[in-house]
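Each chain, written out:
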Amino acid sequence: MKTIEIRRHSIRSKPGEHLNQSGVTLARLAGENLGPFDRVVTSTLPRAFETAIAMGFAVNEQNELMSSYSAVVEREAPWPQSFAAYSKAVKRGGVAGRYAHQLAAFYRKLADYLADDRAALVINHGGVLELGVVACLPEADYESWGEAVDYCEGARMFWEDGKFVKAEVLRVPK
């Protein structure tokens with residue numbers, strides 16, 4: 001079985017683009033028990049790239065698709081909301097659904113790239129993370145997953161026989 005682990009970036013001081021010291025510390029702690037990963041992909045925004053580095057992983061690729069979504073997607077699927085709410089937005093179709101399916105296609109391609117029993121790490125953003133995960137597993141029970149992910153939290157998706165078969169939410173202890 002292959003795994004794709006998707007995490008939200010760490011803490012920054014808004015409106016800054018870079019992680020602050022608390023963000024570097026949190027990413028280091030979160031990264032201590034992660035990996036190994038054969039491929040690490042981040043959005044093109046500095047906070048995502050810096051999170052992967054602070055977690056202890058070299059970045060293989062930065063991808064614009066995961067950097068943010070449009071104002072139209074934001075209107076259809078505003079951040080933050082629960083995984084269940086994002087799932088409903090994806091099922092309605094529209095711009096949010098199309099964007100979510102683009103993310104899912106990227107994750108499927110990434111899973112196909114991996115050898116059996118290997119893993120990839122993706123660092124992106126709140127809203128982007130949830131939309132992509134629910135598009136990959138449209139029949140999952142997202143009611144039990146709770147609210148949107150916080151800093152360095154995410155989901156681990158499992159790929160087998162050419163499809164995502166399950167996922168688990170990854171929370172950071174407070």
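Higher on the page you've got the structure.
Residues numbered from 1 in each chain as written. Predicted model: local features only at pLDDT ≥ 70, side-chain atom pairs only at ≥ 80, totals over all residues. Heavy atoms only, no water.

Q: Can you lay out the nonpolar core for me, pointing to particular residues and giving the numbers?
A: Core analysis: the largest hydrophobic core is formed by 39 residues, its most contacted members being Ile4, Tyr107, Leu131, Met157 and Phe164. For this core, the leading source of residues is helix α5 (residues 94-113), giving 9 residues. Not counting residues up to four positions away in its chain, the partners in contact with Phe164 are Ile4, Tyr107, Arg108, Ala111, Cys136, Leu137, Met157, Phe158 and Trp159. Ranked by size, the runner-up nonpolar core spans 17 residues in total, among them Leu34, Phe57, Tyr151 and Val172. (Core = buried A, V, L, I, M, F, W, Y, C linked by side-chain atoms within 4.5 Å. Buried < 20%, exposed > 50% of the residue type's maximum accessible area, 1.4 Å probe, protein only. Helix = DSSP H or I, 4+ residues; strand = E, 2+ residues; numbered from the N terminus. Contact = heavy atoms within 4.5 Å.)

Q: An account of unusual backbone geometry is requested, with residue identities and associated values reported.
A: Among all residues except glycine, the phi angle is most often negative; among peptide bonds, the trans geometry is most common. The peptide bond linking Lys14 to Pro15 adopts the cis configuration, its omega dihedral lying at 10 degrees. Examined against the element boundaries, Pro15 turns out to sit in the loop between β1 (2-8) and α1 (21-31). In this structure, Asp117 takes a positive phi of about 65 degrees despite not being glycine. For Cys152, which is not glycine, the phi dihedral falls at a positive 65 degrees. Relative to the assigned elements, Cys152 resides in the loop between α6 (128-136) and β5 (154-160). A relative accessible area of 0% places Cys152 in the buried class.

Q: Which residues make up the sheet that holds strand β6 (residues 163-170), and what values go with them?
A: Within the open sheet, the 6 strands sit side by side as β3-β2-β4-β1-β5-β6. Their pairing is mixed. Looking at the sheet topology across the chains shown, the edges are occupied by β3 (61-62) and β6. Of the pairings in the sheet, the one linking β5 to β6 comprises 7 bridges and is antiparallel in character. Residue Arg156 lies in a different strand from β6, and its bridge partner there is Glu168. Contacts from α5 reach β1, β2 (39-42), β3, β4 (119-124), β5 and β6 within the one sheet, and its direction differs from that of β1 by about 135 degrees. (Pairing = 2+ DSSP bridges. Axes fitted to C-alpha atoms, helices over the stretch in contact; angles between N-to-C directions.)

Q: Can you explain the side chain of Ser43? Please cite residues and give values.
A: Relative to the helices and strands, Ser43 is located in the loop between β2 and α2 (46-55). A polar side-chain atom of Ser43 sits 2.7 Å from a polar atom in the side chain of His125. Among all residues touching Ser43, those that are not within four sequence positions of it are Ala48, Gln62, Asn63, Met66, Ser67, Ile123 and His125. (Polar contact = N/O pair within 3.5 Å; in protein donor to acceptor, adjacent residues only side chain to side chain.)

Q: I'd love a proper account of α1, names of residues and values included.
A: Listed in full, the buried residues belonging to α1 are Gly23, Leu26, Ala27, Ala30 and Gly31. Buried positions in α1, seen along its axis, are confined to an arc of 125 degrees and lie on one side of it. Exposed and facing more than 90 degrees away from the buried side of α1 are Gln21, Arg28 and Leu29. The inward-facing, buried residues of α1 abut α2. (Arc of directions from axis to C-beta.)

Q: Describe the packing of helix α4 (residues 83-91) against α6, listing the residues and the values that go with them.
A: In the contact formed by α4 and α6, the axes pass within 9 Å of each other and the chain directions differ by 65 degrees. Once α4 is placed against α6, the crossing between them reads as right-handed. When α4 is examined against α6, the residues Phe83, Tyr86, Ser87 and Val90 are found in contact with a partner set consisting of Leu129, Glu130, Leu131, Val134 and Ala135. (Left-handed = near helix turned anticlockwise from the far one by under 90°.)

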